[in-house]
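An overview of the molecular structure
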Amino acid sequence: MGASGSRSRTISGMGFYTLDDFDVRGKRILLRIDVNSPVDERTLRLVDGSKIRSSVPTLRELLDRGAKVAILAHQGRPGDYDFIPLNEHAAFLSQYLGRRVKYIDDLFGSYALKAIGNLGEGEAILLKNVRDSPEEQAKKSPEEHAESMLVKQLAPAFDLFVNDAFGSSHRSHASLVGFTPVLPSAAGRLMEREVKTLTRVFQTPSRPSTFIFGGTKFADALPVVERLADRETVDNVLVAGLAGYAFLSALGKKVGSKTEQLMSKDLTAEVVASAKSLFEKHRGKIRLPLDAAIDVEGKRHECRVDQIPSDASAKDIGSKTIEEFREIIMGSRTVFLSGPPGLFEKEEFAKGTRELFNAIVDSEAFSVIGGGHSSAAAVRFDAMDRISYVSTGGGALERLMMGKQMPVVEALRASTKKF
Ligand code: 3PG
Ligand code: MG
């Protein structure tokens with residue numbers, strides 16, 4: 001390995017180097033991870049540590065292999081309430097890792113450089129929130145970002161850049177793509193696994209394949225639904241949740257004024273037109289709710305979608321839809337779910353989500369879920385351990401599904417340096 005380059009990066013089969021391609025003992029590694037987490041608006045503390053936990057295996061491997069590791073990460077965006085320092089992230093990392101990860105309140109100044117210089121083998125520090133630097137989020141190419149202060153100051157202190165921030169791989173930010181033109185670079189284990197698994201699921205799924213979309217963001221889901229429905233290898237696209245009712249509304253169905261209020265922003269003339277033509281084109285492949293669970297003074301009441309009362313609020317799919325979707329899931333060899341099919345946080349409206357998760361884990365299918373809400377639902381219905389693959393990606397996953405370029409993956413593929 002090393003300078004001899006005896007192991008080719010084709011090992012990963014993904015066109016980028018991985019940790020298998022470098023002997024990291026005694027080397028200084030700059031590791032970019034994605035630990036951007038939900039923050040409680042009142043206490044400003046982290047609500048959930050699952051993204052942080054997903055970043056630990058790469059860190060642990062690097063430390064076990066004798067590397068000296070400085071970590072870069074972001075949290076929130078300047079101006080938003082969740083733009084907070086990374087002290088608590090360091091505490092979570094230390095807890096999950098079982099070793100101390102010291103937080104350094106500096107990004108690339110003399111204090112940070114000194115802490116990097118002092119790192120011993122098997123030691124790790126977490127540097128300041130990268131979005132503290134105004135250059136970070138500029139939309140620039142890797143070569144342009146390589147000219148940023150961040151890269152100019154930090155790159156000389158390291159032997160290798162490791163990018164494990166799959167959740168941010170759709171962003172072309174300085175800390176994500178700026179080091180690859182100047183340092184030997186590799187994908188971390190999470191990045192490697194996400195890209196490998198998701199590419200397979202979206203490009204060559206075992207069939208029949210079923211893709212389920214729920215959640216509230218119809219305008220965001222629609223282009224993804226379109227991309228998937230157009231694919232020969234995709235057999236069923238089920239749309240549920242508020243997105244399902246928005247789809248029905250775009251087709252001219254009355255889904256209740258309170259339901260409609262929640263989706264009015266999403267249903268622009270353009271979205272309505274493309275939903276209509278998409279449904280026409282893929283009749284049979286795209287399935288929408290047949291019945292709804294509406295909220296009648298806090299209680300669940302089911303009705304057919306053509307009988308939804310005019311002022312109703314639809315909060316879950318009904319039993320007929322559950323039955324139909326369950327049958328489709330049970331007959332599938334791949335099932336992907338993004339976004340819960342109902343308002344599962346409320347017990348009265350949790351049935352649809354619970355039942356679809358039950359079907360997914362009862363089926364023989366290779367199952368994949370993505371997005372924070374889907375993971376929260378899987379935890380609630382005790383399905384997490386029985387889902388084949390849980391992705392850390394939200395926006396990144398969506399881009400990958402659409403077959404769009406991922407700047408971070410492209411940057412890693414363009415990097416051919418070794419040490
Ligand atoms: C995310 O949580 O979506 C990623 O960490 C990227 O963050 P961003 O959406 O604020 O760019
Ligand atoms: Mg985001």
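Heads up: the structure comes first, above all this text.
Fair warning: this is a prediction, and the values are worked out from it, not measured in the lab.

Rules and cut-offs
Residues numbered from 1 in each chain as written. Chains lettered and ligands numbered in written order. Predicted model: local features only at pLDDT ≥ 70, side-chain atom pairs only at ≥ 80, totals over all residues. Heavy atoms only, no water. 1 Å grid on protein atoms, 1.4 Å probe; cavity = no way out; pocket = protein on both sides within 12 Å on 5 of 7 lines; lining within 4 Å. Points joined across faces, edges and corners; volume = space filled by probe spheres on them. Nonpolar A, V, L, I, M, F, W, Y, C, P; charged D, E, K, R; others polar. Helix = DSSP H or I, 4+ residues; strand = E, 2+ residues; numbered from the N terminus. Expected span 1.5 Å × (residues − 1). Buried < 20%, exposed > 50% of the residue type's maximum accessible area, 1.4 Å probe, protein only. Near = heavy atom within 4 Å. Polar contact = N/O pair within 3.5 Å; in protein donor to acceptor, adjacent residues only side chain to side chain. Areas by Shrake-Rupley, 256 points an atom, 1.4 Å probe, with all protein chains shown as cover. Pairing = 2+ DSSP bridges. Contact = heavy atoms within 4.5 Å. Axes fitted to C-alpha atoms, helices over the stretch in contact; angles between N-to-C directions. Phe/Tyr/Trp six-rings, centres within 6.5 Å; stacked < 30°, edge-to-face > 60°. Lys NZ or Arg CZ within 6 Å of the ring centre and 35° of its normal.

Points about empty space enclosed by the protein
Scanning the entire structure with this criterion turns up 1 cavity of 30 Å³ or more. There is about 40 Å³ of room inside the largest cavity. Forming the boundary of the largest cavity are Asp34, Lys51, Ser54, Ser55, Asp164, Phe166, Gly167, Leu190 and Thr392. Within the lining of the largest cavity, the residues separate by chemical class into 2 nonpolar, 4 polar and 3 charged.

Focus: helix H8 (residues 189-203)
If you check H8, its first and last C-alpha atoms are 21 Å apart, about what 15 residues at 1.5 Å a residue would give, namely 21 Å. Residues of H8 that are buried include every one of Arg189, Leu190, Met191, Glu192, Glu194, Val195, Thr197, Leu198, Val201 and Phe202, and no others.

A closer look at the site of ligand 1
If you check the shell around ligand 1, you find Asp34, Asn36, Lys51, His74, Arg77, Arg131, Gly167, Ser168 and Arg171 and nothing else. Asn36 is positioned such that a nitrogen or oxygen atom in its side chain is 2.9 Å from an oxygen atom of ligand 1. One nitrogen or oxygen atom from the side chain of His74 is found 3.0 Å from an oxygen atom belonging to ligand 1. Within the complex, 78% of the 300 Å² of free accessible area of ligand 1 lies under protein. By residue class, the composition of the shell around ligand 1 is no nonpolar, 4 polar and 5 charged.

Some thoughts on the environment of Gly252
Counting through the fold element by element, Gly252 comes out in the loop between helix H10 (241-250) and helix H11 (257-263). Sequence separation of Gly252 and Ala376 is 124 residues, and the distance between their C-alpha atoms is 32 Å.

Overview of the sheet that holds strand S14 (residues 366-370)
Taken in spatial order, the 6 strands of this open sheet run S9-S8-S7-S13-S14-S15, and their pairing is parallel. Among the strands making up the open sheet, the edge pair consists of strand S9 (286-287) and strand S15 (389-390). Direction of pairing for strand S7 (residues 209-213) relative to strand S13 (residues 334-338): parallel, over a ladder of 5 bridges. From the neighbouring strand, Phe213 faces S13, where its bridge partner is Ser338. Along the sheet, helix H9 (residues 218-229) makes contact with S7, strand S8 (236-239) and S9, crossing S7 at roughly 170°. Most of the contacts of helix H13 (residues 319-330) go to S8, to which it runs at about 150°, and overall it touches S7, S8, S9 and S13.

Section: the layout of surface pockets
Counted as a void, the second largest pocket has a volume near 270 Å³. The set of elements that each furnish at least two residues to the lining of the second largest pocket consists of H8 and helix H17 (407-414). In the lining of the second largest pocket, the residues fall into 6 nonpolar, 5 polar and 5 charged.

Focus: the packing of aromatic side chains
Within the structure shown, the criterion is met by 12 aromatic pairs. An angle of 80° between the planes, with centres 5.4 Å apart, marks the rings of Tyr17 and Phe22 as edge-to-face. Taken together, a centroid distance of 5.1 Å and an interplanar angle of 40° make the contact between Phe22 and Phe419 tilted. Taken together, the residues Phe22 in the segment before strand S1 (28-32) and Phe419 in the segment after H17 connect sequence positions 397 residues apart. Note on Phe419: relative accessible area 21%, which makes it partly exposed. Taken together, Phe202, Phe211, Phe213 and Phe336 form an aromatic cluster joined through their ring pairs. Taking the ring centre of Phe366 as reference, the NZ or CZ of Arg200 above it sits at 5.0 Å. For the cation-ring pair, Lys418 lies above Phe22, with the distance from its terminal atom to the ring centre recorded as 5.2 Å.

From the geometry alone we can't say anything about function, so treat these as descriptive.
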